[in-house]
Amino acid sequence: LVTGVQTFALPISMKKKGKSIKRRIGRVGIYLGVILLLLWTFAPLLWMFYSSICEKSELLTGGPVVWPENVTFYRYREFFSSIIKVFRGGRIASTSEVFIHSIFNSFKVAAVTTGISLLIGGMAAYAFARLRFRGSNMLMILALFIQLLPTVSLVIPLYETVSRLGMIDRIVTLVVLYLGMVMAYAIWVLHGYFKSIPPDLEDAARIDGCNYFQAFLRIIVPLAKPGYVAVGTLVFLMCWDEFLYALIFMNSKETTTLTVALSQFSTTHGGIDYGMLMAGGCIATLIPLLLAIFFQKYIVLGLTAGGVKD
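Keep in mind it's a predicted model, so treat the numbers as computed, not measured. (Residues numbered from 1 in each chain as written. Predicted model: local features only at pLDDT ≥ 70, side-chain atom pairs only at ≥ 80, totals over all residues. Heavy atoms only, no water.)

Undergrad: Provide a residue-level description of helix H9 (residues 212-223), including the pertinent values.
TA: Between the first and last C-alpha of H9 there are 15 Å, a value that for 12 residues agrees with the 16 Å anticipated at 1.5 Å per step. Looking only at H9, the buried set comprises Ala-215, Phe-216 and Ile-220. Buried residues of H9 fall within an arc of 95 degrees about the axis and therefore sit on the same side. Among the exposed residues of H9, those pointing more than 90 degrees away from its buried face are Arg-218 and Pro-222. The N-cap residue of H9 is Asn-211: its side-chain oxygen and the backbone nitrogen of Phe-213 are 3.2 Å apart. (Helix = DSSP H or I, 4+ residues; strand = E, 2+ residues; numbered from the N terminus. Expected span 1.5 Å × (residues − 1). Buried < 20%, exposed > 50% of the residue type's maximum accessible area, 1.4 Å probe, protein only. Arc of directions from axis to C-beta. Polar contact = N/O pair within 3.5 Å; in protein donor to acceptor, adjacent residues only side chain to side chain.)

Put into structure tokens, the structure is as follows:
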């Protein structure tokens, strides 16, 4: 009897071992995939930092090594010394000063655009999500259609309009143009988030005497905090990375944005300084990186809201 039981249990144990081996192989494959993905993602960033701390001669003649022979941080010191001069209102002349001033310009444009798009886009998305009026679906589709238009197809008519209004080379022009670019995105994402919030909460608020705007301000806005943070972060990054409008509508050093300043390291400042270009790229990466780290939880919550319905 014991021999029969052992003979019957042997294939079962072999099957369990086979399954455990497959699981281990699957885990090893997952880990290798994750490692390869991390290398693919961080290799350009590591090379950019490596290039920013190399001497120019070593960067142009030497091959890639684990660590440069002559480490130098003078480029970063030059950037941060330029911050003081820009804050004091000095004349913008050197490469680093133009770059630091362009960071401030990009931050101002992105921050103002994000605030206005959340304010107006939030109210518009709430109206589309809760109020019933004629043509609401058509307006939503129209907003999406505007979002799908290629940016380059709008450059000529926008330039003609802005030029006739005398608004070329003004920061406020970029804010208006970026609002037209990101407003539809903010409305659509917040509309989906508001749809996931039960309307019973607003009904209870209206029973207590609130109108639609008061219910939106006191009930919906606090509950929609993850959605607002997610949309605000992504809108900020969209404005931060925009290049075409900033290149065409801004002409002077005082109004240059970050993306344009990076592209001009090899043209308007006399030769290609690869080390300075890489150092500027490292500094420019800090703000998006910090935003992604601090608001990661809210971004995930805001973009996945409404995916599952009760």
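Undergrad: Before we move on, can you summarise the packing of helix H7 (residues 171-195) against helix H10 (residues 225-241) with the specific residues and values?
TA: The geometry of H7 relative to H10 is characterised by a closest axis approach of 10 Å and an angle of 160 degrees between their N-to-C directions. When the interaxial angle is binned, H7 and H10 end up roughly antiparallel. As H7 runs across H10, the sense of the crossing is right-handed. Side by side, H7 and H10 meet where Tyr-178, Met-181, Val-182, Tyr-185, Ala-186, Val-189, Leu-190, Tyr-193 and Phe-194 of the first sit next to Pro-226, Gly-227, Tyr-228, Val-231, Leu-234, Val-235, Met-238 and Cys-239 of the second. Partitioned by chemical class, the residues of the contact of H7 with H10 number 16 nonpolar, one polar and no charged. (Axes fitted to C-alpha atoms, helices over the stretch in contact; angles between N-to-C directions. Parallel < 35°, antiparallel > 145°, perpendicular 65-115°, else oblique. Left-handed = near helix turned anticlockwise from the far one by under 90°. Contact = heavy atoms within 4.5 Å. Nonpolar A, V, L, I, M, F, W, Y, C, P; charged D, E, K, R; others polar.)

Undergrad: Before we move on, can you summarise the pattern of salt bridges with the specific residues and values?
TA: The full count for this structure, using the stated rule, is two salt bridges. Arg-130 is the salt-bridge partner of Glu-202, the closest N and O atoms lying 2.5 Å from each other. With a gap of 72 residues between them, Glu-202 in helix H8 (residues 200-207) and Arg-130 in helix H4 (residues 95-130) connect regions that are remote in the sequence. Look at Glu-202 and you get buried, because its relative accessible area is 1%. (Salt bridge = Lys/Arg side-chain N within 4 Å of Asp/Glu carboxyl O.)

Undergrad: Which residues make up empty space enclosed by the protein, and what values do they have?
TA: Summed over the entire model, instances satisfying the criterion amount to one cavity of 30 Å³ or more. For the largest cavity, the calculated volume is near 40 Å³. Ser-106, Val-109, Ala-110, Tyr-178, Cys-239, Trp-240, Glu-242 and Thr-257 are the residues that line the largest cavity. Broken down by secondary-structure element, the contributors of at least two residues to the lining of the largest cavity are H4 and H10. (1 Å grid on protein atoms, 1.4 Å probe; cavity = no way out; pocket = protein on both sides within 12 Å on 5 of 7 lines; lining within 4 Å. Points joined across faces, edges and corners; volume = space filled by probe spheres on them.)

Undergrad: Let's hear about the packing of H10 against helix H13 (residues 274-294): which residues, and what values?
TA: Two elements in contact, H10 and H13, have axes separated by 10 Å at closest approach and are oriented at 165 degrees. As far as their axial angle goes, H13 and H10 are roughly antiparallel. The hand of the H10/H13 crossing is left-handed. Contact with H10, carried on its side by Thr-233, Phe-236, Leu-237 and Trp-240, involves Ala-284, Ile-287, Pro-288 and Leu-291 of H13 and no other residues of that element.

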